[in-house]
Amino acid sequence: FGFRTYIEEKFDTKIWQIVSDHPDDEKQGAFLKAQIRLTEEGWEFDGDPKLVDKLLEQANLEHFNGVSSPGGKDSRQGDDALEKLGGKEYAELRTSLGLGQYIAGNCFDVKHSIKANLRLANAPDQEAKMMLKRVCRFVKNHKRLVYKYR
């Protein structure tokens, strides 16, 4: 009578995995589009790199060069940068920010930049669009962040 049997009896379960160092359990599994692996060196946690490709596609930045940091200097350059986004641009920015927020849950290197951009999401302007572009260009070069626990 093991843990798996107990869970299956008590709960209505679909496909699920137990990842552990027990000989009967899996050594790799997926949870919320993230990969969890048990190797000889320890545990590894890896977000889904396909989400980054989806973000770049939504933001139309697949063919741009990458950058080395997700944030940058304040780039407000007068009244043009303060122009509010409307209609389609507004909806696209919010959609991309939502996906960016999901990615930031697994990639802590972009978490602060996405959070700063989300503060502007209520009434986004051209600055918010430029900030998102910077984050997208960063994740283009840094699609994977693997956490290793030894």
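Quick caveat: nothing in here was measured; it's all calculated off a predicted structure. (Residues numbered from 1 in each chain as written. Predicted model: local features only at pLDDT ≥ 70, side-chain atom pairs only at ≥ 80, totals over all residues. Heavy atoms only, no water.)

(A) Structural view of the nonpolar core. Core analysis: the biggest nonpolar cluster contains 22 residues, and Leu55, Leu93, Ile103, Val110, Cys136 and Val139 have the highest contact counts within it. Every element with two or more residues in this core is listed here: helix H2 (49–58), helix H3 (87–104) and helix H5 (126–141). Among the elements that take part in this core, H5 stands out by supplying 6 residues, more than any other. Setting aside chain neighbours within four positions, we find Val110 in contact with Pro70, Ala104, Val135, Phe138 and Val139. (Core = buried A, V, L, I, M, F, W, Y, C linked by side-chain atoms within 4.5 Å. Buried < 20%, exposed > 50% of the residue type's maximum accessible area, 1.4 Å probe, protein only. Helix = DSSP H or I, 4+ residues; strand = E, 2+ residues; numbered from the N terminus. Contact = heavy atoms within 4.5 Å.)

(B) Local environment of H2. All of the buried residues in H2 are Leu51, Val52, Leu55 and Leu56. For H2, the buried positions fall inside an angular range of 140 degrees around the axis, keeping them on one side. H2 presents Lys50 and Glu57 as exposed residues on the side facing more than 90 degrees away from its buried surface. On the buried face of H2, the contacting elements are H3 and H5. Put simply, Asp48 is the residue that caps the front of H2, since its side-chain oxygen is 3.1 Å from the backbone nitrogen of Lys50. Residue Asn60 follows H2 closely and has a positive phi angle near 55 degrees. (Arc of directions from axis to C-beta. Polar contact = N/O pair within 3.5 Å; in protein donor to acceptor, adjacent residues only side chain to side chain.)

(C) Empty space enclosed by the protein, seen in detail. This structure, assessed with the given rule, holds 1 cavity of 30 Å³ or more. Lining the largest cavity, in full, are Gly47, Asp48, Pro49, Leu51, Val52, Ile103, Asn106, Cys107 and Lys143. Residues that form the lining of the largest cavity fall into these classes: 5 nonpolar, 2 polar and 2 charged. (1 Å grid on protein atoms, 1.4 Å probe; cavity = no way out; pocket = protein on both sides within 12 Å on 5 of 7 lines; lining within 4 Å. Points joined across faces, edges and corners; volume = space filled by probe spheres on them. Nonpolar A, V, L, I, M, F, W, Y, C, P; charged D, E, K, R; others polar.)

(D) The arrangement of the pattern of salt bridges in detail. If you walk through the whole model with that rule in mind, you get 4 salt bridges. Between Asp46 and Arg37 there is a salt bridge, and its shortest N-O distance comes to 3.7 Å. Take Asp46 and Arg37: they sit in the same class, and that class is buried. Here Lys129 ties to Glu89 by a salt bridge, and the two come within 2.6 Å at their closest N and O atoms. You can see Lys129 sitting in helix H5 and its partner Glu89 sitting in helix H3, a full 40 residues away along the chain. A relative accessible area of 31% means that Glu89 is categorised as partly exposed. Several salt bridges converge on common partners, so that one network encompasses Arg37, Glu44 and Asp46. (Salt bridge = Lys/Arg side-chain N within 4 Å of Asp/Glu carboxyl O.)

(E) Examining the sheet that holds strand E4 (residues 146–149) more closely. Read from one edge to the other, the open sheet built from 4 strands follows the order E1-E2-E3-E4, with strand pairing classed as antiparallel. One side of each edge strand has no neighbouring strand; the edge strands of this open sheet are strand E1 (28–31) and E4. For this sheet the average axis-to-axis angle between neighbouring strands, irrespective of direction, equals 20 degrees. Bridging between strand E2 (residues 34–38) and strand E3 (residues 43–46) involves 4 bridges; their strand directions are antiparallel. For Gln35, the partnering residue across the bridge sits in E3 and is Asp46. (Pairing = 2+ DSSP bridges. Axes fitted to C-alpha atoms, helices over the stretch in contact; angles between N-to-C directions.)

(F) Examining the packing of aromatic side chains more closely. Inspection of the entire model under this criterion finds 2 aromatic pairs. Relative to Tyr147, the ring of Phe45 lies with its centre 6.2 Å away and its plane at 35 degrees, an arrangement referred to as tilted. With Phe45 in strand E3 and Tyr147 in strand E4, this pair connects stretches of sequence that are 102 residues apart. The exposure class of Phe45 is partly exposed, given its relative accessible area of 23%. Residue classification places Tyr147 among the buried residues on the basis of a relative accessible area of 16%. Each member of the aromatic cluster is reached from another via a ring pair, and the members are Phe45, Phe108 and Tyr147. (Phe/Tyr/Trp six-rings, centres within 6.5 Å; stacked < 30°, edge-to-face > 60°.)

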